[in-house]
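# What the coordinates show
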Amino acid sequence: MFKFYRAQGCFSRTIGFLERSTKQPIFNCSMCGQCILRTCQLHCPMRCPKSLRNGPCGGSHEGMCEVIPGHRCVWDQIWNAAERRGQIERVMKIQPPIDWRLEGTPAWLNVVKGIITLDGHPKGCWMPPFTGPATEPRAGTALENALRAGQFAVTAEIVPPRAPDFASLQKRITMLRGKIHAVNVTDNASASVKMPSWAVSALLARNGVEPIFQLACRDRNRLALQADLLGAYAFGVRNVFAVTGDFVTIGDHPGAKPVHDIDAIQLTAMLHRMRAEGKLASGADIRDSAKAEPFRPKLFIGCAAHPTADPILGQVMRVMKKVRAGADFVQTQVVFDLKRFAEFMKVARDHGLTEKAKILAGVMPVKSAKAYEFLGKVPGIKVAPEFPKRIEAAASKDEEGIAIAREIIEFCRATPGVAGVHLMAPHWEAAIPVLLERCKLGVQPFTPSPQPVAAA
Ligand code: SF4
Ligand code: SF4
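Heads up: these notes are all about the structure in this document. Computed from a predicted structure; not experimentally measured.

Across its full length, the chain carries 17 helices and eight strands. What you see for the chain is a C-alpha radius of gyration of 22 Å, in line with the 23 Å of a compact globule of 456 residues. Counting over 456 residues, the chain shows a buried share of 47%. In the chain, 77% of the contacts between residues at least 6 apart in sequence involve partners at least 24 apart.

Below is the structure:
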């Protein structure tokens with residue numbers, strides 16, 4: 001298919017040669033065929049190893065790329081240039097997914113032929129605003145009900161086991177059932193193979209724990225993402241969480257080919273379009289017969305934020321883009337640097353983000369200085385130096401770990417614009433009930449919608 005597009009004749013090849021000769025040395029152009037240099041402040045976004053057209057990811061640190069050591073993060077450059085030139089709104093425009101058939105073709109000629117617009121968007125591409133009904137159907141999940149009712153919401157996280165062994169999950173399910181609003185099920189977290197997120201989400205739904213189905217763009221193209229969402233929905237999953245995903249090189253299959261067909265913002269828009277219009281990314285209706293009404297899944301859509309990744313404005317505005325694309329709630333990466341989190345929330349409030357979406361702060365109890373040292377090296381996480389020092393000096397490291405997590409929760413609860421906390425304790429899950437009890441957190445008395453069990 002690509003060869004067909006690339007070999008359209010002598011004229012096309014000549015223009016392609018001229019375009020490549022001009023743009024490759026200056027912009028490191030890889031001829032995506034749908035140029036968005038104008039929007040991206042004359043920095044080519046295709047230099048991003050995750051092919052993000054709506055960056056940055058959550059791993060950019062002090063202007064450097066999390067994937068390629070020693071390389072500048074192109075999205076750090078784009079946001080800094082946009083801020084300097086007062087062109088933030090230009091970068092805020094949601095970029096549609098790439099039409100991979102155009103890869104290798106000359107973008108100049110594609111504009112002249114009307115295949116793409118001057119902004120580099122393939123003609124007829126799907127992006128917000130969508131034309132759904134004024135009131136979208138609500139998912140009616142316990143998480144959605146709590147957040148809409150203004151309650152301080154609590155979510156937790158389950159990393160699926162690698163071996164398909166339900167017994168290992170049962171303990172965690174029992175520990176969390178009835179105590180929190182919903183549980184995220186990670187999707188091959190840290191780019192390492194685990195049981196699939198949709199299957200464990202379905203297991204949770206069937207066992208009385210409301211799941212948040214995480215969908216990562218790293219492992220699936222747009223077909224597989226939509227198919228998995230519809231499959232999970234049929235098993236009662238209503239909360240969905242769109243992420244780009246850690247890059248493959250940090251995981252257990254570092255030589256695998258990362259997919260990154262679409263990014264997390266495009267995925268959010270795709271989910272929102274399914275909800276609002278009952279349409280797939282292709283524009284086809286979600287229905288099996290021409291007479292049926294298009295099926296509009298009732299979804300509550302979440303997205304990630306990275307308060308301690310760089311640049312701070314780019315991180316806030318990227319979340320704002322996700323909200324514009326259709327996200328309803330936001331869960332942040334773990335907070336270990338309170339000063340930086342407060343700065344992030346201030347920028348978020350100043351730009352109206354906290355009015356448009358519910359933000360849940362990520363909190364992780366940690367009981368060893370070594371764990372803090374490891375976490376401090378994870379792209380996008382910053383650890384304040386006092387926390388590992390306190391753990392080192394403590395007589396009871398468990399108690400000190402709980403005390404620190406409690407302080408972070410109380411700090412977040414007191415920060416304007418924080419609507420809840422998201423508790424992550426991958427190697428210390430027993431800490432979660434202790435924190436819930438000591439911080440008086442958890443499901444508040446109200447009548448949630450009945451747990452959905454099948455596609456409506
Ligand atoms: S956006 Fe595409 S066409 Fe434009 S410089 Fe980058 S790779 Fe080349
Ligand atoms: S840090 Fe992330 S957004 Fe920036 S270039 Fe690297 S992969 Fe892309």
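The subject of this paragraph is the nonpolar core. Of all hydrophobic cores here, the largest spans 100 residues; its most connected members are Val183, Ala242 and Val363. With seven residues, the single largest contributor to this core is helix H10 (residues 264–277). Residues contacting valine 183, with those up to four places away along its chain left out, are Thr155, Ala156, Glu157, Ile158, Leu176, Leu204, Val209, Glu210, Pro211 and Ile212. By size, the runner-up hydrophobic cluster in this structure holds 24 residues, among which are Cys44, Met46, Trp79 and Val248.

Here eight strands make up a closed barrel; going around it, the order is S1-S2-S3-S4-S5-S6-S7-S8 and the pairing parallel. Strand-to-strand, the axes of this sheet are offset by a mean angle of 30 degrees, without reference to chain direction. Here strand S1 (residues 153–158) pairs with strand S8 (residues 418–423) via four bridges, running parallel. Opposite threonine 155, over in S8, you have histidine 422 as the bridge partner. Helix-sheet contacts for helix H8 (residues 197–206) involve S1, strand S2 (182–185) and strand S3 (211–216), and the interaxial angle to S3 is about 175 degrees.

Neighbouring ligand 2 are 15 residues, the closest being Cys48, Cys57, Ser60, Cys65 and Cys73. Considered class by class, the residues forming the shell around ligand 2 number 10 nonpolar, three polar and two charged.

So, on to the site of ligand 1. Around ligand 1 sit Lys23, Phe27, Cys29, Ser30, Met31, Cys32, Cys35, Ile36, Leu37, Cys44, Met46 and Ala107, and those are all the residues in its vicinity. Among the residues forming the shell around ligand 1, the class breakdown is 10 nonpolar, one polar and one charged.

Moving on, we get to the packing of helix H11 (residues 312–325) against helix H12 (residues 338–350). In the contact formed by H11 and H12, the axes pass within 10 Å of each other and the chain directions differ by 50 degrees. With respect to each other, H11 and H12 are oriented oblique. Here H11 runs over H12; the crossing is right-handed. For the pair H11 and H12, the contacting residues are Ile312, Leu313, Gln315 and Val316 in the first and Glu343, Phe344, Val347 and Ala348 in the second. Residue composition of the contact of H11 with H12, grouped by class: six nonpolar, one polar and one charged.

Thresholds applied
- Residues numbered from 1 in each chain as written.
- Chains lettered and ligands numbered in written order.
- Predicted model: local features only at pLDDT ≥ 70, side-chain atom pairs only at ≥ 80, totals over all residues.
- Helix = DSSP H or I, 4+ residues; strand = E, 2+ residues; numbered from the N terminus.
- Rg over C-alpha atoms; globule rule 2.2 N^0.38 Å.
- Buried ≥ 20, exposed ≤ 12 C-beta atoms within 10 Å, placed from the backbone.
- Contact = placed C-beta atoms within 7 Å.
- Core = buried A, V, L, I, M, F, W, Y, C linked by C-beta atoms within 7 Å.
- Pairing = 2+ DSSP bridges.
- Axes fitted to C-alpha atoms, helices over the stretch in contact; angles between N-to-C directions.
- Near = placed C-beta within 6 Å.
- Nonpolar A, V, L, I, M, F, W, Y, C, P; charged D, E, K, R; others polar.
- Parallel < 35°, antiparallel > 145°, perpendicular 65-115°, else oblique.
- Left-handed = near helix turned anticlockwise from the far one by under 90°.

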